[in-house]
There are 2 protein chains.
Amino acid sequence: MTTLSQVAQRAGVTSATVSNVLRQRGKVGADTRARVLAAVEALGYRPHLTARALAEGRAPTLALMVSSIANPFYPEFALAAEQAARQHGRFLIVCNTNDDPDIGRAYLDQIAGTLSDGVLVMNANICIEDLQATARRGATVVLGMWEKPHQPPALPCVAVDFHLAGALAARYLIALGHRKIGVMVGGGVCGVHAERERGFNDALLELGHGDAVVHRMMVHDSVEGGLQGGAAMLAAAPSITAVFATNDLPALGLMHAAADLGIKVPQQLSVIGLTDIQGAHQARPALTTVAVPTAQAAAMSVALLLELIAEPQSVAPMRIAPAPELVVRASTARRSD
Amino acid sequence: MTTLSQVAQRAGVTSATVSNVLRQRGKVGADTRARVLAAVEALGYRPHLTARALAEGRAPTLALMVSSIANPFYPEFALAAEQAARQHGRFLIVCNTNDDPDIGRAYLDQIAGTLSDGVLVMNANICIEDLQATARRGATVVLGMWEKPHQPPALPCVAVDFHLAGALAARYLIALGHRKIGVMVGGGVCGVHAERERGFNDALLELGHGDAVVHRMMVHDSVEGGLQGGAAMLAAAPSITAVFATNDLPALGLMHAAADLGIKVPQQLSVIGLTDIQGAHQARPALTTVAVPTAQAAAMSVALLLELIAEPQSVAPMRIAPAPELVVRASTARRSD
């Protein structure tokens, strides 16, 4: 591999001059600059990013820890985070924990502070204690989408008001006249969807319809989870006219369960999800949902991470992402009697 | 950050002994080993992967270049590649080129051979010349899913027989009695789906039905592409009874277009895709498709990459992944007259 000094030798300058040209630092005359660039080109020299990062005391990557890259929400978040990272000259390592706290811990132990100096964590089913231990060892950790802006965590985060997201779904179903509602709560060990359900229930109470939820179940946070749970719910509670799923994936699965049973959406059953993944507007009927600001939260998370790497703070900052918004599509309708 | 020598000092041993304990090399007594591990724990020391990798002359990551992480096929491939990489103690950097050859080139220039010593390329819309230039500069490049096993490329690859995949789709539609068929060819600049269409057409010729394709169009390789193209195709060629899409995404979009027009799948229109992404079996009706061995190809690609990093070869090897297979679901049926 070509070295900096070989480039310097060919261009007839010092290594420091080559370095200045490549980093656009210091004063270098136009002729010298051209000679250096010609030598770089001729020898195929590329600055050694890893070495340079080590020399400068910073690592060249950011890590994004996600619970399952196969869940389509995470690639959408990763795409936005990767673009934001690249704009800042960083590469994004995507670490997939498979919802396994041990794999999460292994990633944190092995890459945080070495290969990556910043870690962005997305619902990766990692105990906050492990994350705090990582932060104490000198790596910067940011939680990418904290669900409870009213309860800041002990780590820096970008918060999205999921309580409001749940409330928007409840208000819309009540406004459509639905009074017998099913709720599908997605989630795993870490119970991340609790805040969404709380927002939904709090809004029902405020509207004087605290008794509207006639069936409530936990489902795996996936299309399959919604399909299986949906079949069970529609069999157990045939009186329901609307279902709120705390995530789009189970909402889509529920629509498939309804199709399998010959139940028409939205004529016989309204379905509303939460998140607004690509699959929501692509579905038939297109899914009504409460959209969370995925791309903005990703960009804000990367920006916060880089700020904290540059200037660590003693207090864990929390940034609030734009508010969730109701997106009305074809899977919801007024209750028909 | 704690250094190796601080650990050694605390444990009362040499740095070499600490290193031996951590790498499980050399002979170290049980007591000494316990003392070293206690010191590692107490000081929160972690071996500096990047530094070690540089010292050992290898970089600690593999890079996966994909054209769009938002296309659900790539996260499925990335998931399998990431798991294979992790089993070999490597991390996988996912680089998203957004189908832009310039971004692809920038990634190759900046990470190949420095941050990553191996690059796995998935249809990333990068010219083979750029990849060869990268390989000449000392980085190992493997093409993750080469579509033409009969025409080996100039670079190492894992090949999948997409000609056969197209042929399987044709044979199945002909067996179902379809004689007026639409073909949707997905793809962009690099024309990666040409081999799939060729396999489809070659099989039709072999079966004596070379005239069965009555409508053929190019579409963007996405659900939206299939939706827009499908609406146009169904309006322009109402006589078709079956459509082969060269990828599942446009096949799913076509099913949505049919639903929007009130055309029943499969009673009035059979639809077959190619790939078998998660969305295929999740769709309603579930999509008949030709499955390609995504997870196996990913694991084989990582294995080949690591073999070539360890022992470079003068001849570019090609490994053949398991053959594609027809997966019959609910979106296809016998032609009804």
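What counts, and where the lines are drawn
Residues numbered from 1 in each chain as written. Chains lettered and ligands numbered in written order. Predicted model: local features only at pLDDT ≥ 70, side-chain atom pairs only at ≥ 80, totals over all residues. Heavy atoms only, no water. Phe/Tyr/Trp six-rings, centres within 6.5 Å; stacked < 30°, edge-to-face > 60°. Helix = DSSP H or I, 4+ residues; strand = E, 2+ residues; numbered from the N terminus. Buried < 20%, exposed > 50% of the residue type's maximum accessible area, 1.4 Å probe, protein only. Pairing = 2+ DSSP bridges. Axes fitted to C-alpha atoms, helices over the stretch in contact; angles between N-to-C directions. Least-squares fit on C-alpha atoms with pLDDT ≥ 70 in both. Contact = heavy atoms within 4.5 Å. Buried area = accessible area lost by both parts, 1.4 Å probe. Polar contact = N/O pair within 3.5 Å; in protein donor to acceptor, adjacent residues only side chain to side chain. Nonpolar A, V, L, I, M, F, W, Y, C, P; charged D, E, K, R; others polar. Domains from an automatic or database assignment. Disulfide = S-S within 2.5 Å. Parallel < 35°, antiparallel > 145°, perpendicular 65-115°, else oblique. Left-handed = near helix turned anticlockwise from the far one by under 90°. 1 Å grid on protein atoms, 1.4 Å probe; cavity = no way out; pocket = protein on both sides within 12 Å on 5 of 7 lines; lining within 4 Å. Points joined across faces, edges and corners; volume = space filled by probe spheres on them.

Undergrad: Can you walk me through the packing of aromatic side chains in this structure?
TA: Remark: the centre distance and the inter-plane angle together describe each pair of aromatic rings, the angle taken between the planes. Enumeration over the complete set of coordinates arrives at six aromatic pairs over all chains. On the basis of an interplanar angle of 10° and a centroid distance of 4.4 Å, the ring pair of Phe200 of chain B and Phe244 of chain B is categorised as stacked. Note that Phe200 of chain B is positioned in helix H9 (residues 194-206) and Phe244 of chain B in strand S8 (residues 242-245), a separation of 44 residues in sequence. Across this residue pair, the class does not change: Phe200 of chain B and Phe244 of chain B are buried. Members of the aromatic cluster, connected to one another through ring pairs, are Phe73, Tyr74 and Phe77 of chain A.

Undergrad: I'm lost on the sheet that holds strand S9 (residues 270-275) of chain B in this one. Help?
TA: All names here are of chain B. Taken together, six strands build an open sheet; the order of strands is S7-S6-S8-S9-S10-S12 and the sheet is mixed. Either end of the sheet is taken by a strand with one partner, and the two such strands are strand S7 (213-219) and strand S12 (325-327). If you compare each strand with its neighbour and ignore which way they point, the axes differ by 20° on average. Judged from the six bridges that link them, strand S6 (residues 181-186) and S7 form a sheet pairing that is parallel. By the bridge assignment, Val185 is partnered in S7 with Met218.

Undergrad: Where do I start with the relation of the copies chain A and chain B in this structure?
TA: What connects the two chain copies is a rotation about an axis and a shift along it. After a rotation of 179° and a shift along the axis of 0.1 Å, chain A superposes on chain B with an RMSD of 0.2 Å. Taken together, the rotation and translation describe the operation of a two-fold axis. Identified as the residue of chain A closest to the rotation axis by C-alpha distance is Ile93 of chain A, at 2.2 Å. Comparing interface residues between copies, 100% of those in chain A also sit at the interface in chain B, which points to an isologous, same-surface contact.

Undergrad: Explain the interface of chain A and chain B here, please?
TA: In many reports, interface size means the accessible area that the parts give up when they come together. With 46 residues of chain A at the contact, the number on the chain B side is 46 residues. Summed over both partners, the interface of chain A with chain B buries about 4100 Å², with 62% contributed by carbon and sulfur atoms. Together, Arg46, Phe91 and Arg284 of chain A form the three largest contributors to the area buried by chain A at its contact with chain B, with a combined 17%. At the surface where chain A touches chain B, the tally comes to eight residue pairs in polar contact (both at pLDDT 80 or more). Those elements that place two or more of their residues in the side of chain A that touches chain B are helix H4 (49-55), helix H5 (73-87), strand S2 (91-96), helix H6 (101-111), helix H10 (223-236), helix H11 (248-261) and helix H12 (278-282) of chain A. Class assignment of the residues belonging to the side of chain A that touches chain B gives a composition of 25 nonpolar, 13 polar and eight charged.

Undergrad: Is there a simple way to explain the sheet that holds strand S9 (residues 270-275) of chain A in this structure?
TA: Within a beta sheet, neighbouring strands are joined by backbone hydrogen bonds and run either parallel or antiparallel to one another. Residue and element names in this part refer to chain A. In space, the six strands of this open sheet follow the order S7-S6-S8-S9-S10-S12, with mixed pairing throughout. In the strand order of this sheet, the two ends are held by strand S7 (213-219) and strand S12 (325-327), each with one partner. Ignoring strand direction, the axes of neighbouring strands in this sheet form an average angle of 20°. Relative to S12, strand S10 (residues 288-291) runs antiparallel, the two sharing three bridges. Across the sheet, Val290 pairs through a bridge with Leu326, a residue of S12. Contacts between H10 and the sheet are confined to strand S6 (181-186), S7 and strand S8 (242-245), with S7 contributing the most and set at about 150° to the helix. Contacting S6, S7, S8, S9 and S10, H11 runs over the sheet at an angle of about 155° to S9.

Undergrad: Sorry if this is basic, but what is going on with the domain arrangement of chain A here?
TA: In terms of domain boundaries, chain A breaks down into domain 1 (4-47), domain 2 (61-161 + 294-322) and domain 3 (162-292). Taking only C-alpha atoms into account, the centre of domain 1 of chain A sits 61 Å from that of domain 3 of chain A.

Undergrad: Help me understand the state of the cysteines in this model?
TA: Here is the idea: a disulfide is a covalent bond, and it sits between the sulfur atoms of two cysteines. Across all of its chains, the model carries zero disulfides over all chains by this definition. Cysteine Cys95 of chain A shares no disulfide, and the gap to the nearest cysteine sulfur, in Cys95 of chain B, comes to 13 Å. We classify Cys95 of chain B as buried; its relative accessible area is 0%.

Undergrad: Honestly, the environment of Asp260 of chain A in this entry has me stumped. Any pointers?
TA: Residue placement: Asp260 of chain A occurs in helix H11. Of the residues examined, Asp260 of chain A reaches a relative accessible area of 48% and is grouped as partly exposed. The spatial distance from the C-alpha of Asp260 of chain A to the C-alpha of Leu306 of chain A is 48 Å, given a sequence separation of 46 residues. For Asp260 of chain A, the residues in contact, after removing those within four places along its chain, are Leu227 of chain A together with Arg284 of chain B.

Undergrad: For this particular structure, what's the right way to read the packing of helix H1 (residues 4-11) of chain A against helix H3 (residues 30-43) of chain A?
TA: Each packed pair of helices is defined by two parameters, the angle between the axes and the distance between the axes. Residue and element names in this part refer to chain A. For the pair H1 and H3, interaxial distance at closest approach is 9 Å and the crossing angle is 125°. Taken as axis vectors, H1 and H3 run oblique relative to one another. Judged by the twist between their axes, the crossing of H1 over H3 is right-handed. Together, Gln6, Val7, Arg10 and Ala11 of H1 and Arg35, Val36, Ala39, Val40, Ala42 and Leu43 of H3 make up the contact between the two elements. The class makeup of the residues in the contact of H1 with H3 is seven nonpolar, one polar and two charged.

Undergrad: I keep staring at empty space enclosed by the protein and nothing clicks. Help me out?
TA: Empty pockets left among the atoms are what a rolling probe the size of a water molecule brings to light. Scanning all chains against the criterion turns up one cavity of 30 Å³ or more. Taken as a whole, the largest cavity encloses approximately 30 Å³ of empty space. Within the residue set of the lining of the largest cavity, elements represented by two or more residues are H5 and S2 of chain A together with strand S2 (91-96) of chain B. Grouping the amino acids of the lining of the largest cavity by side-chain chemistry returns five nonpolar, one polar and one charged.

Undergrad: Whenever I open this one, unusual backbone geometry confuses me. Can you help?
TA: One can expect most non-glycine residues to show negative phi and most peptide bonds to be in trans. Residue and element names in this part refer to chain A. Omega for the peptide link from Arg284 to Pro285 comes to -5°, which places this bond in the cis form. Among the structural elements, Pro285 can be located in the loop between H12 and S10. The phi dihedral of Asp276 falls on the positive side, at around 70°, and the residue is not glycine.

Undergrad: What is the right way to read the environment of Asp100 of chain B from this model?
TA: Residues and elements named next belong to chain B. Residue position: Asp100 is located in the loop between S2 and helix H6 (101-111). Accessibility expressed as a relative area gives 28% for Asp100, which makes it partly exposed. For the pair Asp100 and Ser68, spaced 32 residues apart in sequence, the C-alpha to C-alpha distance is 9.7 Å.

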